[in-house]
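# Summary of the model geometry
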Amino acid sequence: MQNDVVLITGANGEIGHGLITFLGEQGQSKIVALDLQEVDVSLQNCCETIIQGDILDRTLLGKVFDQYQFSTIYHLASILSTKAEYNPELAHRINVEGTLNLLQLATAQSQKSGASVKFLYPSSIAAYGLPDLKTKAAAGHISETEWCFPTTMYGCNKLYCEHLGRYYATHYRQLVAEQAQNEACIDFRCLRFPGLISAMTVPTGGTSDYGPEMLHHAAQGLPYVCFVRPDTRLPFMVMPDAIKSLLALGSAPRQCLTQFVYNVTSFSPTAQEFYEIVRRAFPQAEITFAPHSARQNIVDSWPADVDDSAARRDWGWAPDFDQRRAFDEYLIPAVQKRYAKVKI
Ligand code: AKB
């Protein structure tokens, strides 16, 4: 069995791309990458092993956990909010049963080896649910414990999996013999991410996708119809900060952590502000607004801002990119370079 290996599920997704690229550049981790889809060739050199498979396939997962002793698991695989609303039961299976499979196997592995396994889980602002725009405006930046009434299957799944992680870390099989309770268990750590924007990948199936879609369409000279109203405000963060936060939470001393779930955020533009920044960089961009009422309702139920003071206090969280730096120093130059390359 190989020791000290990192498992990344959902390796081919946006966070997976960012994380594997970063860890690959560091060259310090043996990465086992798992995804339902074929993992991008650009990531393959960074990984020790690539497995194309389903997190619902318990036989496959059993074999993977028999072969490797994981020190850290980044469980990134999930069906995002918009896609989940088209098949909520499938989303529940992947988002909840898939997570349960991994929590259970990680717990069994840590109990067998006597070494705690770190389990990093990205949750989302979708775990929140504000009833109307007046309440959203009055709520301001909200803490982890407020307004946890999600209106989407994805949001319900994320909130429940946060609790499952806490359960597996602290109360798993609490009625079995005392000796078993003292055995090693998982070290569950969770971030509630805002909408994420990467210059390298485009999201699929989410509802915060209007931000990154607007940027990537404009950079390619493609017209874009934005599916939310111009006054819609959501918190966002660029991918390098998302990766930074995952790694910082993962390496924080356990005794500094006062909670299992932490908000992290960076800036909160309206869709109109997004539009203006993108148009300034790409003056030819054809961007129009045609709100889709059901997707608008989802975004309206998510907070305009979140309070990430617990992360700042407990493990020194601070984003590197505020709104100006995010666009001027990362997103705009990187997408310009990326799509210029494609044209050649
Ligand atoms: C989505 O839109 O579903 C995700 C999220 C906010 O978690 N980007």
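See the structure above.
So, how was this worked out
- Residues numbered from 1 in each chain as written.
- Predicted model: local features only at pLDDT ≥ 70, side-chain atom pairs only at ≥ 80, totals over all residues.
- Heavy atoms only, no water.
- Helix = DSSP H or I, 4+ residues; strand = E, 2+ residues; numbered from the N terminus.
- Rg over C-alpha atoms; globule rule 2.2 N^0.38 Å.
- Buried < 20%, exposed > 50% of the residue type's maximum accessible area, 1.4 Å probe, protein only.
- Contact = heavy atoms within 4.5 Å.
- Areas by Shrake-Rupley, 256 points an atom, 1.4 Å probe, with all protein chains shown as cover.
- Axes fitted to C-alpha atoms, helices over the stretch in contact; angles between N-to-C directions.
- Parallel < 35°, antiparallel > 145°, perpendicular 65-115°, else oblique.
- Left-handed = near helix turned anticlockwise from the far one by under 90°.
- Nonpolar A, V, L, I, M, F, W, Y, C, P; charged D, E, K, R; others polar.
- Near = heavy atom within 4 Å.
- Polar contact = N/O pair within 3.5 Å; in protein donor to acceptor, adjacent residues only side chain to side chain.

Along its length, the protein carries 14 helices and 13 strands. Over its C-alpha atoms the protein spans a radius of gyration of 20 Å, differing by no more than 12% from the 20 Å that the globule rule assigns to 344 residues. Considered along the principal axes of its C-alpha atoms, the protein spans approximately 65 × 50 × 40 Å. A total of 344 residues make up the protein; the buried ones form 54% of that total. Contacts in the protein between residues far apart in sequence, at least 24 positions, make up 78% of those at least 6 positions apart. Surface exposure of the protein reaches about 15,200 Å², of which carbon and sulfur atoms provide 52%.

This part is about the packing of helix 9 (residues 210-219) against helix 11 (residues 271-281). How two helices pack is summed up by the angle between their axes together with the distance between the axes. Running from amino to carboxyl end, helix 9 crosses helix 11 at an angle of 20°, the nearest separation of the two axes being 10 Å. Relative to helix 11, the element helix 9 lies roughly parallel. Crossing angle aside, the handedness with which helix 9 passes helix 11 is right-handed. Two secondary-structure elements touch here, helix 9 through Y210, G211, M214, L215 and A218 and helix 11 through A271, F274, Y275 and V278. Here the residues of the contact of helix 9 with helix 11 are counted per class, giving 8 nonpolar, 1 polar and no charged.

Okay, the site of the ligand next. If you check the shell around the ligand, you find L80, S81, S124, I125, Y154, G206, T207, S208 and W302 and nothing else. Side-chain polar atom of Y154 to an oxygen atom of the ligand: 2.7 Å apart, as the coordinates give it. The contact in question runs from a nitrogen atom of the ligand to an N or O atom on the side chain of S208, over 2.9 Å. Taken together, the residues of the shell around the ligand sort by class into 4 nonpolar, 5 polar and no charged.

Functional significance is not addressed by these values, which are geometric in nature.
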